[in-house]
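Understanding the architecture of this molecule
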Amino acid sequence: MKIAIMGAMPEEVAPILEKLGTYKTTKYADNEYYEASYKGVDIVVAYSKIGKVFSTLTATTMIQHFNCDKLLFSGVAGGINPSLKIGDLIVATKLSQHDLDITAFGHPMGFVPGGSVFVEADQGLIELSKEVAKELGKTVQEGIIATGDQFVHDEKVKENIVKHFNADALEMEGGSVAVVCKSLNVPFFILRAISDTADTDASFSFDEFMESSAIISAEFIMKMVDKV
Ligand SMILES: Nc1ncnc2c(CN3C[C@H](CSc4cnccn4)[C@@H](O)C3)c[nH]c12
């Protein structure tokens, strides 16, 4: 088995690389991939860079070039559900692309022919996260995550995303990673810790809490690796 551990930003994978200690760095397709063996498990780590295109490239590379057969995503997100506070963890049950819009042709937001509005995450990995949460005595919410190529800092954008997708959190990479993993038949798991609430203060909150929230997510993901 070979596990892909992915983030979007350097800060989202830095805590994971620190835990791994030593790793081999491979440059490929304008990015770097870090390979290590961790407690007998082969792991490849990478941060994609921001957005759906870069995350699609990295997820595809980790699966097709590095032969990963499970993909875990660790990072931060903007909270939509009022129950989600800064630092809280959310596990994606399913994901959508909130900026995919051909409604002019009568299709629902997030849908294109041949696709689906939502892509469901792997139930086995979600169940595993519940075991880890119980062992750690941590609360982990499950919910819908909406992905789009914008940093959301506007209540009206949030409201529109809730209206169309009933999303609990939002970010910029999970929905595309989900499509890649579904199409390539690789179980995937998307975990995010809240860094902001995607409102007018989002960028300030993000700057203040992103690193600490990224660590919260990364530490949980590494506990998942112990059991996967
Ligand atoms: N409100 C929000 N909207 C959309 N996405 C998010 C996220 C999740 N990540 C963080 C980062 C923001 S853009 C970025 C660009 N430059 C520096 C830092 N972040 C991008 O990878 C998506 C956290 N809060 C979000």
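In this report, we go over the structure that sits alongside the text. (Residues numbered from 1 in each chain as written. Predicted model: local features only at pLDDT ≥ 70, side-chain atom pairs only at ≥ 80, totals over all residues. Heavy atoms only, no water.)

1. Digging into unusual backbone geometry
Put simply, the rule reads: Only DSSP runs of H or I reaching four residues or more are called helices, and only runs of E reaching two or more are called strands; each is numbered from the N terminus. Here the term buried applies to any residue with accessible area under 20% of the maximum for its type, exposed to any over 50%, and partly exposed to those in between, with areas from a 1.4 Å probe on protein chains only.
Despite not being glycine, Asp 30 has its phi angle at roughly 60 degrees, a positive value. Along the polypeptide, Asp 30 turns up in the loop between β2 (24–28) and β3 (31–38). Residue classification places Asp 30 among the exposed positions, given a relative accessible area of 74%. Residue Lys 39 is not a glycine yet carries a positive backbone phi of 50 degrees. Looking at the secondary structure, you find Lys 39 in the loop between β3 and β4 (41–47). On the basis of relative accessible area, Lys 39 is assigned to the exposed category, the value being 63%.

2. Description of the site of the ligand
Cut-off, in case you're wondering: Proximity is defined per residue: any heavy atom of the residue falling within 4 Å of a molecule or strand makes that residue near it. Polar contacts, as used here, are pairs of N or O atoms within 3.5 Å; protein pairs need one atom able to donate a hydrogen and one able to accept it. Residues neighboring in sequence count only if both atoms are side-chain atoms. The protein chains shown are the only cover counted for residues, whose accessible areas, like all others here, come from Shrake-Rupley with a 1.4 Å probe.
Neighbouring residues of the ligand: 18 residues in total, closest Val 76, Val 152, Leu 170, Glu 173 and Asp 196. Contact between the ligand and Asp 196: a nitrogen atom at 2.6 Å from a side-chain N or O atom of the residue. For the ligand, the protein covers 83% of the area, taking 530 Å² as the surface of the free molecule. Put simply, the parts of the chain that give the shell around the ligand at least two residues each are β5 (70–79), β9 (169–171) and β10 (188–196).

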